[in-house]
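Descriptive analysis of the structure
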Amino acid sequence: MLFNSLTFLIFFIIVFTLHRLMPGWTAKKSLLLVASYVFYAAWNPPYIVILLFSTSMDWLLARLIWKSQDQRKRRLLLVLSLVANLSLLGFFKYGNFLLQNTQLLLSALGVHYAPPALDVVLPIGISFYTFASLSYTIDVYRREIEGDAGFLDYALFVSFFPHLVAGPIVRARLLLPQIRTPRSASRDQLGWGLCLVIIGLFTKTVLADAVFAPVVDAAYGNAALGAAESWAAVLGFSGQIYCDFAGYSLCAIGLALCFGFEFPDNFRYPYGARGFSDFWRRWHITLSTWLRDYLYVPLGGNRHGDTRTYVNLMLTMLLGGLWHGASWMFVLWGGLHGAYLAIERRLRGPARGLALPAGKDWLFTAFTFLVVTLTWIPFRAHDGQTAARMFNGLFDLGHGSGQVSHALLICYGSMVGLLIWQWANRDLSLEERFRRFSPTLQAAVLGCCLVAMFLCSGGDERAFIYFQF
């Protein structure tokens, strides 16, 4: 059930109407929980069992951790939660990957091994709800939050449909207090929430799907490309993945706001970043902060000298890359970003600051965007051969049609417009920028978004890219 589908529109209208009419906060929460499980069942009904098992297990373990005063027992219960959750994630997401690489390793050693076929379908959203659920047990173990949440509240926290399948990764410390307190969206919340949904759907269906995706798909499926097509594809994917995932996040935040719940921002103009650490403060914010707080800091962070810091950065980004999918290309992508962060920290550290002349920070922004864009190549490519072909095509002036098509021109123009928008607004939130518009301009923007979505409708409904992660 895609946010950009008629089925979801009907689903949302029914749930929203019942939620407004239903008396009692417990009844409203129960409705949202049932609706969330129905939403999840629309993808693959049997996998409700996995979601329910993970939810029940972590809720019970967190209560036991919270009540226990025995540190050894508390640590054992936390380890049990970590092992159980990561084992489920590992089996469904990385089982085939591990078997294939074990076969390759044994083959290199001269041992013939034919692994059994592990024909399993990846439960949608398992990476997101696993990380959300783990944040609860870890925070309870650290005594940062209480572990006394009722099962209804906790189950709704994990499965609330706006963030269930692709984030943002909302932490228990933020959402559970909201679930405990009776709430209903105010007029301003409802209005802004619907605005976010419209803007998010426009970003996804028009920019990501209609403008960037056709150029990117055609290029990555073509064996011989010229520089014009290659650059359009590389830049286009940079725009596509941002517009796709940021569009989803805006929809999720807006839908939650329609019910009175506030989610954290997940993107804040990442292509206007001044450096790679700034990029990760702006890109997929809920994942990057999760990795920082539950992986980088426990590894030691920057508390044990430069060498250990660089190792921790690299490990965090390698695992962050692997989180996106069972492929060495994702690991390579994460490793490259780990290297960029380490190099940047080295150059910009104490007593060796990397400073640009006043008014020239746009050079660092442009450099950051270029490197991030080139690094998207292994992320998008299915294998090293495709990645190498795309990279080589950037410098190949001898192939291609010799003409720049309308699709390429629109792709280039849209990317330039997107970059100007991000660079100009990087120090403002979307809400701050939108509220600076006059009411007439606000209505015009939303109207244009709706018209553009209507004109681009009628084709295939593309799933959001991050659904596969």
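The coordinates are above.
Residues numbered from 1 in each chain as written. Predicted model: local features only at pLDDT ≥ 70, side-chain atom pairs only at ≥ 80, totals over all residues. Heavy atoms only, no water.

Before going further, it helps to examine the pattern of salt bridges. All told, the structure shown has 15 salt bridges when counted by the stated rule. The closest approach of N and O atoms between Arg281 and Asp278, which form a salt bridge, is 3.9 Å. The exposure class assigned to Arg281 is exposed, which follows from its relative accessible area of 54%. In this structure Asp278 comes out as buried when scored by relative accessible area, which is 9%. For Arg435, the salt bridge goes to Glu431, with nearest N and O atoms at 2.9 Å. Linking Arg435 with Glu431, this pair stays in helix α18 (residues 430-435), spanning four residues, or about one helical turn. For Arg435, a relative accessible area of 48% puts it in the partly exposed group. Exposure remark for Glu431: the relative accessible area of 33% places this residue in the partly exposed category. Three or more residues joined by partner-sharing salt bridges are found here, namely Arg274, Asp278, Arg281, Arg282 and Asp427. (Salt bridge = Lys/Arg side-chain N within 4 Å of Asp/Glu carboxyl O. Buried < 20%, exposed > 50% of the residue type's maximum accessible area, 1.4 Å probe, protein only. Helix = DSSP H or I, 4+ residues; strand = E, 2+ residues; numbered from the N terminus.)

For helix α10 (residues 227-258), which comprises 32 residues, the first-to-last C-alpha distance of 46 Å matches the rise-based estimate of 46 Å (1.5 Å per residue) to within 8%. Across the 32 residues of α10, 30 count as buried, placing the element largely inside the fold. Residue Gly260 follows α10 closely and has a positive phi angle near 95°. (Expected span 1.5 Å × (residues − 1).)

So yeah, pure geometry; function would need other evidence.
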